[in-house]
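# Commentary on secondary and tertiary structure
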Amino acid sequence: MELVSARVRAATVGRLVRRPSEGPLGDRPLSAACIPFTAYGRRPPSQRPCPALPSGVMSSPPVAPPGWSRWLVPPAALSVHLSIGQAYAWSVFKPPLESALGLDGTQSALPFQVAIVMLGLSAAFGGTLVERNGPRWAMTVALACFSSGFLISALGARTEQYWLIVLGYGFVGGIGLGIGYISPVSTLIKWFPDRPGMATGIAIMGFGGGALIASPWSAQMLESFGSDNDGIALAFLVHGLSYAAFMTLGVLLVRVPRTERPVESGPSAVDGVQVSARQAVRTPQFWCLWVVLCMNVTAGIGILEKAAPMITDFFADSSTPVSASAAAGFVALLSAANMAGRIGWSSTSDRVGRKNIYRVYLGAGALMYLLIALFGDTSKPLFVLCALVILSFYGGGFATIPAYLKDLFGTYQVGAIHGRLLTAWSTAGVLGPLIVNWIADRQESAGKHGSSRYGLSFGIMIGLLVIGFVAGELVRPVHPRHHVPAPREAADAQRQQPA
């Protein structure tokens, strides 16, 4: 019986396996899932093509038709990242919420903090699902969660139930942040194997620039609708519906490449080392990069989170103190530097190499902090220039890390690996503001004021950047024992296909 069963299985496989130009069942056309290269990874010739999917099951990722321009994929990614980048504009809603609901500063920051934590957790736990189901599925989930978060928050503001705002914007919306953030990364790297840093930089630039759009837009709505409960609720409602419509563009535009070589005579997207997400987290390279990203983000967010009061304190005792409007302009400049660094530095990494660019982020970042600590209160241009450079490194670090992961672990499950690495962001999102705010408050209690409140915290930031620099120097190529052999890669890809 076992011999008969083996022969039946062999005959079945023989009928299903044809040349790529043939259908799997005689003359039946191939489905989109049966192309040689999908979001799941490369299939060797012995595994192509696969049977067409029956109706009623989850479809595979949308495949680009012949002649599809790969330059349509970055706008799809931008539509999602510009939307979820609204998270950096949450501070616009803090004063109205505090006034309307009687909250203090810590309470009004809670939705944002929960959203950042959920971003890291959902990216870590949802990364494998994003790889398995493809970019359109991920963008749809991000759209549903992020927009629903605003709608739930609108209900909470209208009924004066603050816990609904935390649940909506923080928990539900935070899931949309995480899934949306990683949704286009793997696809962009596969479309642009020749310039992965530039491709991911274009998309992730949108997350840094989303606040430049959302901040004045949100402020204008609150001015028009009012800053009471009803006005805040209406602003949340408009945000939810508008972002849903805008993110739909990305869902409709995104495609996965039809072949392993999207650019004729260009490099293949699947050449070189391939490592699974499960194996990646067992390598020292992953944890070295985790430390690198965490330290770089901690240093950047330490300034970004407290930018306006920080520049005010530094020059409070000078002959030309910084006004509130000038401090707001400084915050806008930091957002612009954050956005420009994401595309500028990540594109540069394609030429100079990932390790070299992180040497710049961490080494030069420590130098900028040292200059601010020593001379920042004596020169406004020096303070502003150093802060802008640090924020450009902050954004560049985010945009370069997916390409660095691709260099080390390949494209096989780079989206899932990226999602797991973003837990470093969640850690830094708590660590950076805690260091700067807690130490500044303690120094003020000790009788210090002005720039002296930040000397100790800046010294800690320099130390963290040095730790990140050392971790970056320890990164080496992944040991072959962690590589995914081609047969196993094909088998994993086959198992990830919908039944």
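Residues numbered from 1 in each chain as written. Predicted model: local features only at pLDDT ≥ 70, side-chain atom pairs only at ≥ 80, totals over all residues. Heavy atoms only, no water.

### As for the overall build of the protein
The number of helices and strands found in the protein is 19 helices and two strands. In the protein, which comprises 499 residues, the proportion classed as buried is 54%. Considering only residue pairs separated by 6 or more positions, the protein has 81% of its internal contacts joining residues 24 or more positions apart. (Helix = DSSP H or I, 4+ residues; strand = E, 2+ residues; numbered from the N terminus. Buried < 20%, exposed > 50% of the residue type's maximum accessible area, 1.4 Å probe, protein only. Contact = heavy atoms within 4.5 Å.)

### Some points on the packing of aromatic side chains
Two aromatic rings are characterised by how far apart their centres lie and by the angle between their planes. Evaluated as defined, the whole model comprises 30 aromatic pairs. Pairing Phe286 with Trp287 gives two aromatic rings, centres 5.0 Å apart and planes at 85°, and the pair type is edge-to-face. On the accessibility criterion, Phe286 (1% relative accessible area) is buried. Ring-pair connections join several aromatic residues into one group, and the members of that group are Trp90, Phe93, Phe146, Phe150, Tyr169, Trp217, Phe236 and Tyr243. Against the face of Phe315 rests Lys380, its NZ or CZ located 5.8 Å from the ring centre. (Phe/Tyr/Trp six-rings, centres within 6.5 Å; stacked < 30°, edge-to-face > 60°. Lys NZ or Arg CZ within 6 Å of the ring centre and 35° of its normal.)

### Some points on empty space enclosed by the protein
To find leftover empty space, one rolls a probe the size of a water molecule over the atoms. Inspection of every chain in the model, using the stated rule, returns three cavities of 30 Å³ or more. For the second largest cavity, the calculated volume is near 40 Å³. Lining the second largest cavity are Asn296, Ala299, Gly300, Tyr361, Gly365, Tyr369, Ile390, Phe393, Tyr394 and Leu465. The set of elements that each furnish at least two residues to the lining of the second largest cavity consists of α11 (284–304), α14 (354–375) and α15 (380–409). Of the residues belonging to the lining of the second largest cavity, the class tally is seven nonpolar, three polar and no charged. (1 Å grid on protein atoms, 1.4 Å probe; cavity = no way out; pocket = protein on both sides within 12 Å on 5 of 7 lines; lining within 4 Å. Points joined across faces, edges and corners; volume = space filled by probe spheres on them. Nonpolar A, V, L, I, M, F, W, Y, C, P; charged D, E, K, R; others polar.)

### Observations regarding the layout of surface pockets
The calculated volume of the largest pocket comes to roughly 1,200 Å³. Every residue lining the largest pocket is counted, 40 residues in all, and those nearest its centre are Ser91, Lys94, Phe112, Leu304 and Glu305. Among the secondary structure elements, those contributing two or more residues to the lining of the largest pocket are α3 (94–101), α4 (105–133), α8 (196–225), α11, α12 (307–314), α13 (324–352) and α17 (423–445). With eight residues, the single largest contributor to the lining of the largest pocket is α17. Of the residues belonging to the lining of the largest pocket, the class tally is 26 nonpolar, ten polar and four charged.

### As for the packing of helix α5 (residues 135–159) against helix α6 (residues 162–182)
Look at α5 against α6: their axes get within 7 Å of each other, and the N-to-C directions meet at 165°. Here α6 runs roughly antiparallel to α5, going by the angle between their axes. Helix-helix and strand crossings are classified by hand; for α5 and α6 the assignment is left-handed. (Axes fitted to C-alpha atoms, helices over the stretch in contact; angles between N-to-C directions. Parallel < 35°, antiparallel > 145°, perpendicular 65-115°, else oblique. Left-handed = near helix turned anticlockwise from the far one by under 90°.)

### Considerations on a nonpolar patch on the surface
Taken together, the side chains of Leu151, Phe225, Leu234, Leu237 and Leu241 define a hydrophobic patch exposed on the protein surface, amounting to about 400 Å² of accessible area. The greatest single-element share of the nonpolar patch, amounting to three residues, is contributed by helix α9 (residues 229–253). As for its placement among the helices and strands, Phe225 is situated in helix α8. (Patch = residues over 30% accessible without salt bridge, like charges linked within 9 Å, V, L, I, M, F, W, Y side chains within 5 Å. Areas by Shrake-Rupley, 256 points an atom, 1.4 Å probe, with all protein chains shown as cover. Salt bridge = Lys/Arg side-chain N within 4 Å of Asp/Glu carboxyl O.)

### Thoughts on the pattern of salt bridges
Side-chain pairs of opposite charge can arise where the charged atoms are in close proximity. Scanning all chains against the criterion turns up ten salt bridges. Residues Asp350 and Arg354 are paired through a salt bridge, measuring 2.8 Å at the closest nitrogen-oxygen approach. Classification of Arg354 as buried rests on a relative accessible area of 8%. With its nearest N and O atoms 3.9 Å apart, the salt bridge here joins Asp441 to Arg453.

### Topic: the confidence of the model for the protein
Close inspection of predicted coordinates is inappropriate for parts of the model with low pLDDT. Confidence in the prediction for the protein averages 81 pLDDT; 83% of positions are at 70 or higher. Across residues 1–59, confidence stays below pLDDT 50; counting only partners more than four residues off in sequence or on other chains, it has 102 contacts. (pLDDT = per-residue confidence, 0-100.)

### Considering the environment of Tyr243
Of note, Tyr243 is situated in helix α9. Through-space distance from the C-alpha of Tyr243 to that of Ser147 is 6.5 Å; in sequence the pair is 96 residues apart. Once residues within four sequence positions are removed from consideration, Tyr243 is found in contact with Ser83, Gln86, Phe146, Ser147, Phe150, Ala214 and Trp217.

### Observations concerning helix α2 (residues 73–84)
Taking 1.5 Å as the rise per residue, α2 with twelve residues should run 16 Å; its terminal C-alpha atoms sit 17 Å apart, in good agreement. Burial analysis of α2 places eleven of its twelve residues in the buried class, the great majority of the element. By the burial criterion, the buried members of α2 are Val73, Pro74, Ala76, Ala77, Leu78, Ser79, Val80, His81, Leu82, Ser83 and Ile84. Buried positions along α2 lie against α5, α6, α7 (185–191), α8 and α9. (Expected span 1.5 Å × (residues − 1).)

### Looking at α11
Under the 1.5 Å per step criterion, the end-to-end length of α11 is 30 Å for 21 residues, consistent within 8% with the ideal 30 Å. Of all 21 residues in α11, 18 are buried; the element is thus mostly enclosed.

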